[in-house]
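Each chain is listed here by its residues.
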Amino acid sequence: MRPTAHQRIALTACLDDHRALYNAALEERREAYRRSKVSIRYGDQSAQLKEIRADDPDQARWSFSSQQATLRRLDKAFRAFFGRVKAGRTPGFPRLKGRGWFDTVEWPKDGDGCRWNSQPEHPSATFVRLQGAGHVRVHRHRPVRGRVKTISVKREGSRWFVVLSCDDVPAEILPATGAVVGVDMGVASFLTTSDGEQVGNPRHLAASAGKPATAQRDLARKKRGSTRRRKAVARVAALHGKVRRQRLDGAHKAANALIRDYDMIVHEDLRITNMTKSPAPKPDGEGGFLPNRAAAKAGLNKSILDAGWGVFLTVLAHKAESAGRELIAVNPAGTSRTCARCGHCAKDDRLTQASFVCTACGHAAHADVNAAVNILRAGLALRQAAQAA
Ligand SMILES: [Zn+2]
């Protein structure tokens with residue numbers, strides 16, 4: 001969003017007042033629980049909204065529905081809390097939201113206290129109307145398809161975003177290409193296809209990932225309550241936001257390329273990948289362990305790649321469905337150790353080598369490409385089995 005200075009103030013007040021409502025409702029629930037172990041429900045709290053708005057002109061400025069959405073959000077936090085209690089765990093009680101810890105307000109229905117594309121007659125700009133803030137200009141970076149359902153406003157550092165969720169998004173079936181592909185998700189290269197293409201360079205991800213870590217360390221040295229600390233907090237938030245946006249952008253681009261070129265895409269099942277890809281520790285015979293790549297694969301870099309794959313696969317699944325493409329997830333066990341030409345499976349771990357050389361037939365290939373070919377083969381076998389059944 002590109003709010004004016006006035007709108008920025010209004011949006012900040014909107015977040016603050018929704019936060020106050022959230023905290024007041026939390027306090028009420030906490031008291032009731034402390035005094036008599038009763039739990040107050042969403043319906044009870046929502047019924048008080050009318051009265052709150054009548055008594056408090058600040059609260060009355062905002063949309064009734066967005067306030068209901070905020071109470072529902074609290075309800076969700078409590079349901080999760082009681083769910084964990086029931087499961088025999090001792091979770092922390094839902095917490096009061098401090099300044100800077102409440103950055104989203106949702107309007108659950110377009111047209112109810114908010115309106116997407118509120119000035120359609122404007123020749124060059126898009127606006128979203130938000131009750132209490134007016135028509136806020138939006139920089140629309142891709143077309144909105146389907147019918148807008150919910151509208152959320154999100155603050156990230158000093159930037160403001162509008163997030164839409166849509167119903168009835170039209171499918172765009174793509175013409176068949178007659179090509180199929182396997183995708184290996186790796187550490188050295190984010191994605192490698194069975195056709196030998198490498199997609200996404202994790203180095204730029206890692207580079208911008210280092211910055212939040214530095215900013216975080218910087219933040220830890222600042223005194224609580226100081227202006228410098230407040231600025232450092234904003235810097236960390238802004239950098240995290242940047243990494244998130246880069247990751248999403250990269251995921252869209254990589255997924256678009258695959259969807260455009262292939263009828264069927266086979267990838268590793270991420271739930272099993274993380275278990276199978278980390279090499280087993282090797283005992284050194286003196287009670288300790290020989291170094292392997294597990295440590296290098298752990299840590300910040302690894303977790304960032306994991307998150308990147310998760311985002312990528314989610315985006316890929318949505319696009320595949322919309323385009324009428326087939327998506328298959330396979331168990332990746334053995335795919336990096338098996339020869340794509342003769343099927344010979346080496347006993348030792350191959351994670352330390354960038355190139356694959358088969359000890360049985362001499363087949364040499366890029367290790368990730370070899371794995372991607374095996375992944376494709378596993379997917380084709382799965383599909384054949386499904387068709388035969
Ligand atoms: Zn071989």
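Definitions and limits used
Think of each chain on its own: its residues are numbered from 1, step by step along the sequence as written. Confidence filtering applies because this is a predicted model: local features only for residues at pLDDT of at least 70, side-chain atom pairs given and counted only at 80 or more, and all residues used for totals across whole chains, interfaces and linings. Throughout this description, the term nonpolar core refers to a group of buried Ala, Val, Leu, Ile, Met, Phe, Trp, Tyr and Cys residues whose C-beta atoms join them within 7 Å. Note on burial: count the other C-beta atoms lying within 10 Å of the residue's C-beta; 20 or more is buried, 12 or fewer is exposed, in between is partly exposed, and C-beta positions come from the backbone. Helix and strand assignments follow DSSP, with helices taken as H or I runs no shorter than four residues and strands as E runs no shorter than two, numbered in order from the N terminus. Contact criterion: two residues are in contact if their C-beta atoms, reconstructed from the backbone, are within 7 Å. In this scheme, a helix's expected span is set at 1.5 Å multiplied by one less than its residue total. Note on pairing: two strands pair once DSSP finds at least 2 bridges between them. A fitted line through C-alpha atoms represents every axis, and for helices the fit uses only the stretch in contact; the resulting angles, taken between N-to-C directions, go from 0 to 180 degrees.

Here the focus is the nonpolar core. If you look at the biggest cluster of nonpolar residues, it comprises 31 residues, and the most contacted ones within it are V183, L258, I265, V266, A372 and I375. At the level of elements, β7 (180-185), α7 (227-261), β10 (264-268), α10 (299-323), β13 (326-330) and α11 (367-388) are the ones that each hand at least two residues to this core. The element that contributes the greatest number of residues to this core is α11, accounting for eight residues. Other than its neighbours up to four places away in sequence, V266 contacts G182, V183, I328, V330, I375, L376, A378 and G379. If you look at the next biggest cluster of nonpolar residues, it comprises 26 residues, including C14, A69, W107 and W116.

The end-to-end C-alpha separation of helix α1 (residues 5-36) is 47 Å, in line with the 46 Å expected for 32 residues at 1.5 Å each. Restricting attention to buried positions, one finds in α1 the residues Q7, A10, L11, C14, L15, D17, H18, R19, L21, Y22, A25 and R29. In the stretch just after α1, K37 is the one whose phi turns positive, near 55°.

Overall, mixed pairing links the five strands, which are arranged β9-β8-β7-β10-β13 in an open sheet. The sheet terminates laterally at β9 (198-199) and β13, the two strands that pair on one side only. Of the pairings in the sheet, the one linking β10 to β13 comprises five bridges and is parallel in character. The residue of β13 that forms the bridge with I265 is L327. Against the sheet, α11 makes contact with β7, β8 (191-193), β10 and β13, and its axis sits at roughly 125° relative to β7, the strand it touches most.

Turning next to the sheet that holds strand β3 (residues 126-130). Taken in spatial order, the three strands line up as β2-β3-β4 in an open sheet, and their pairing is antiparallel. Since the sheet does not close on itself, it has two edges, and those belong to β2 (114-116) and β4 (134-138), each with one partner. Shown here is a sheet whose adjacent strand axes are inclined to one another by a mean of 25°, direction ignored. Taken together, the five bridges between β3 and β4 define a ladder with antiparallel strand orientation. Paired with T126 across the two strands is V138, which belongs to β4.

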